[in-house]
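Residues per chain, in single letters:
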Amino acid sequence: MKLQERFLFLAQLEKENANKSFEYEAFSITADRKVRLRVDWAHSTGGHINWRERLICPDTNLNNRQRAGYHLFLSELHPYEQDKVYITEQASPFFDFLKKKVVSLTGSEFISVNSAPGAITSAGLRHEDFTNLSFKDNSLDKIISFDCLEHIPNYEAAIRESYRALKPGGRALFSFPFSANDTSTLVRAKVEENGQITHITEPEYHGDPLSSDGCLSYYTFGWDILDTFSLAGFKDVYAAVYWSDIFGYLGNEQIVFVAKK
């Protein structure tokens, strides 16, 4: 389906289902069968469906980006059964799903600045600071980080930590707010030396599974993020663009980044 055809296709779906829930039939990679994906107008903006967060699989309860994330994990990271995989989330439906698929999977959340790297809470959540991981050098085969990097003021350190912890030949899969039309990363907020946060643009908060306050986004990344990965040592970095009416990956084209050590 060509770009203009996609816009017309989505516009027609939104027109036919204005302000009401509906279903869209597609093949769910997470259910491994054709299903009727659930769509509603939750989190919609500007009179358009938030396609990225909807299109929920009835079998696995995973939305568009989560189903696609698993699809890309398989197609771009080429996991083996014995791989040691780290994902920068744990209190999420996607982690629960992936735990059933990956034998050696470690997930985590950022608990607090006072938590020790690798510490486990009474609720069973593991604390990790992406800029100071508890994993040994060259110990991981794969890293998955979805919508996390933009919440880290020193995101460069997180990318360097990913490189350090991965084995030679290891791969990492990242998604984050990205503007394909911009060469440079937009700094939305920054942390001053005294610890105070200065907002440069209108504050933008994303969902946080551990707090109803949400999590501040510091960046919308541009193409210079490729240089950051390269400077960290990654030898092969590329962007993967995806959209599919067959698999139910609708909305605007979505972009993820793959980095190989």
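Structure: above.
Residues numbered from 1 in each chain as written. Predicted model: local features only at pLDDT ≥ 70, side-chain atom pairs only at ≥ 80, totals over all residues. Heavy atoms only, no water.

A. Broad picture of the environment of Thr 220. Here Thr 220 shows up in strand 12 (residues 219-220). You can call Thr 220 buried: its relative accessible area is 16%. Sequence-wise, Thr 220 and Val 187 are 33 residues apart; in three dimensions their C-alpha atoms are separated by 6.8 Å. (Helix = DSSP H or I, 4+ residues; strand = E, 2+ residues; numbered from the N terminus. Buried < 20%, exposed > 50% of the residue type's maximum accessible area, 1.4 Å probe, protein only.)

B. Here's a closer look at the packing of aromatic side chains. Here the structure, examined in full by the defined rule, presents 22 aromatic pairs. Both rings, one in Phe 229 and one in Phe 234, keep their centres 5.8 Å apart while their planes meet at 70 degrees; by these two values the pair is edge-to-face. The class of Phe 229 is buried, set by a relative accessible area of 0%. Looking at Phe 234, the relative accessible area reads 4%, which means it is buried. In this structure an aromatic cluster arises from ring pairing among Tyr 155, Phe 176, Phe 178, Tyr 218, Tyr 219, Phe 221, Trp 223 and Phe 257. The ring of Tyr 163 carries Lys 261 above its face, with NZ or CZ at 4.6 Å from the centroid. (Phe/Tyr/Trp six-rings, centres within 6.5 Å; stacked < 30°, edge-to-face > 60°. Lys NZ or Arg CZ within 6 Å of the ring centre and 35° of its normal.)

C. Here's a closer look at helix 2 (residues 64-77). Between its first and last C-alpha atoms helix 2 spans 19 Å; for 14 residues at 1.5 Å apiece the expected length is 20 Å, and the two agree. For helix 2, the side-chain oxygen to backbone nitrogen distance between the N-cap and Arg 65 is 3.3 Å, and the N-cap itself is Asn 63. Immediately downstream of helix 2, the backbone of His 78 shows phi near 50 degrees, a positive value. (Expected span 1.5 Å × (residues − 1). Polar contact = N/O pair within 3.5 Å; in protein donor to acceptor, adjacent residues only side chain to side chain.)

D. Representation of unusual backbone geometry. Located in the positive-phi region is His 43, a residue other than glycine, with phi close to 60 degrees. Along the chain, the position of His 43 falls in the loop between strand 2 (33-39) and helix 2. When its relative accessible area of 56% is taken as the criterion, His 43 is described as exposed. Its identity as a non-glycine residue notwithstanding, Leu 55 has a phi of 55 degrees, on the positive side.

E. Region of interest: the state of the cysteines. Summed over the entire model, instances satisfying the criterion amount to 0 disulfides. Here Cys 148 stays free of any disulfide, with the sulfur of Cys 215 as its closest cysteine sulfur at 8.0 Å. Using a relative accessible area of 17% as the deciding quantity, one classes Cys 148 as buried. (Disulfide = S-S within 2.5 Å.)

F. Inspection of the pattern of salt bridges at higher detail. As enumerated under the stated definition, the model contains 15 salt bridges in all. For Asp 141, the salt bridge identified is with Lys 167, shortest N-O distance 3.4 Å. One end of the pair, Asp 141, is in strand 5 (residues 140-146); the other, Lys 167, is in strand 6 (residues 166-175), and 26 residues separate them in sequence. A residue is classified by how much of its surface remains accessible, and Asp 141, at 14% relative accessible area, is buried. For Lys 167, a relative accessible area of 29% gives the class partly exposed. Between Arg 188 and Glu 204 there is a salt bridge, with its nearest N and O atoms 3.6 Å apart. Of this pair, Arg 188 sits in the loop between strand 7 (186-187) and strand 8 (189-191) while Glu 204 sits in the loop between strand 9 (197-199) and strand 10 (205-208), and the two are 16 residues apart along the sequence. Glu 204 sits in the partly exposed class, given a relative accessible area of 29%. Put simply, Arg 52, Glu 53, Arg 65 and Asp 147 are held in one network by salt bridges that share partners. (Salt bridge = Lys/Arg side-chain N within 4 Å of Asp/Glu carboxyl O.)

G. Representation of the sheet that holds strand 6 within the structure. Pairing within the open sheet is mixed, and its 6 strands lie in the order 4-3-5-6-14-13. On the outer flanks of this sheet lie strand 4 (104-107) and strand 13 (236-244), each paired with one strand and no other. Strand-to-strand twist in this sheet, taken as the mean axis angle between neighbours without regard to direction, amounts to 20 degrees. Docked against the sheet, helix 1 (residues 3-16) engages strand 13 and strand 14 (249-260), running at close to 125 degrees with respect to strand 14. (Pairing = 2+ DSSP bridges. Axes fitted to C-alpha atoms, helices over the stretch in contact; angles between N-to-C directions. Contact = heavy atoms within 4.5 Å.)

H. Summary view of the nonpolar core. Within the largest apolar cluster, 30 residues are counted, with the highest numbers of intra-cluster contacts made by Leu 149 and Ile 225. When residues of this core are traced back to their parent elements, those giving at least two are strand 5, helix 4 (155-165), strand 6, helix 5 (225-232) and strand 14. Counting residues per element, this core draws most heavily on helix 4, at 4 residues. For Leu 149, the contacting residues outside a window of four places in its chain are Phe 130, Tyr 155, Ala 158, Ile 159, Phe 174, Phe 176 and Phe 221. Counting 23 residues, the second-largest nonpolar core is a separate cluster that includes Ala 68, Leu 98, Tyr 242 and Val 258. (Core = buried A, V, L, I, M, F, W, Y, C linked by side-chain atoms within 4.5 Å.)

I. Layout of the pairing of strand 4. Alternating positions in strand 4 separate cleanly, Leu 105 and Gly 107 being buried on one face and Ser 104 and Thr 106 remaining unburied on the opposite face. Of the pairings in the sheet, the one linking strand 3 (residues 84-87) to strand 4 comprises 4 bridges and is parallel in character. Its bridge partner lying in strand 4, Tyr 86 is registered against Thr 106. Crossover handedness for the path strand 3 to helix 3 (residues 93-99) to strand 4: right-handed. (Right-handed = clockwise from strand over helix to strand, strands pointing away.)

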